[in-house]
Amino acid sequence: MKRYRINPNSAYRGKECAVCSERFIPTGSRSLYCSDLCRLWGLITIKTQEECWPWKGTRNRDGYGIYKFSGGRTTTAHREIYRNLYGGFDPGLEVCHICDNRLCCNPHHLFQGTHAENMHDMAQKGRAPPLLGEKHHQAKLTEIQVREILRTDATVPHVHLAKKFDVTPEMISLIRNRRNWKHVCV
Ligand SMILES: [Zn+2]
Ligand SMILES: [Zn+2]
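Residues numbered from 1 in each chain as written. Chains lettered and ligands numbered in written order. Predicted model: local features only at pLDDT ≥ 70, side-chain atom pairs only at ≥ 80, totals over all residues.

*Asks:* Residue-level account of the environment of Arg 147, with values.
*Replies:* Take Arg 147: it is sitting in helix α4 (residues 143-151). Since 16 C-beta atoms lie within 10 Å of it, Arg 147 is described here as partly exposed. A C-alpha to C-alpha distance of 9.5 Å links Arg 147 and Trp 181, two positions 34 residues apart in sequence. (Helix = DSSP H or I, 4+ residues; strand = E, 2+ residues; numbered from the N terminus. Buried ≥ 20, exposed ≤ 12 C-beta atoms within 10 Å, placed from the backbone.)

Below you can see the structure in the form of structure tokens.
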């Protein structure tokens, strides 16, 4: 993504970006945000992790948010958010919603899969992406329990917590090392 930052040594102070507060050089079509990425975030209403984050910009015929790059190329807003935030973005795959809200841009509600996989998952298994933890129907833990695990003093051994919450010590290790349930804030 293009950025239009100001040389910090320059006397020209430019304008403050409405999203990241960095100084940038405003032009007619680029008057509020320092970059395409900040413009993208500027069009999303950010709420709590559990809630959907609605897209405020234009939408396409299918009801998805449409994002236009400064170069003129367009993409869907939720796809661009996913591409920017998650490693391993696969351009060949769709970005899907676990919340079924096409305008939602909450990264915690997005995952990648093929169209067929997506349909299969939703219909057959009722499965949510592993990223979301609790919504996965196989999840044994709740977000409240995960928070409790994360808040427990590091000197308490994995096995002790594993017994308490009826999960494997490996699971406790994954949670404590922030490999699993990454979206839960302590
Ligand atoms: Zn910015
Ligand atoms: Zn959502």
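*Asks:* Run through the packing of helix α5 (residues 158-165) against helix α6 (residues 169-176), naming residues and quoting values.
*Replies:* Where α5 contacts α6, the two axes come as close as 8 Å, and the packing angle between them is 110°. One element, α5, and the other, α6, form an angle in the roughly perpendicular class. Of the residues in α6, those touching α5 at His 158, Val 159, Leu 161 and Ala 162 are Pro 169, Met 171, Ile 172 and Ser 173. Looking at side-chain class alone, the contact of α5 with α6 contains 6 nonpolar, 2 polar and no charged residues. (Axes fitted to C-alpha atoms, helices over the stretch in contact; angles between N-to-C directions. Parallel < 35°, antiparallel > 145°, perpendicular 65-115°, else oblique. Contact = placed C-beta atoms within 7 Å. Nonpolar A, V, L, I, M, F, W, Y, C, P; charged D, E, K, R; others polar.)

Keep in mind that these numbers describe shape and distance, not what the molecule does.
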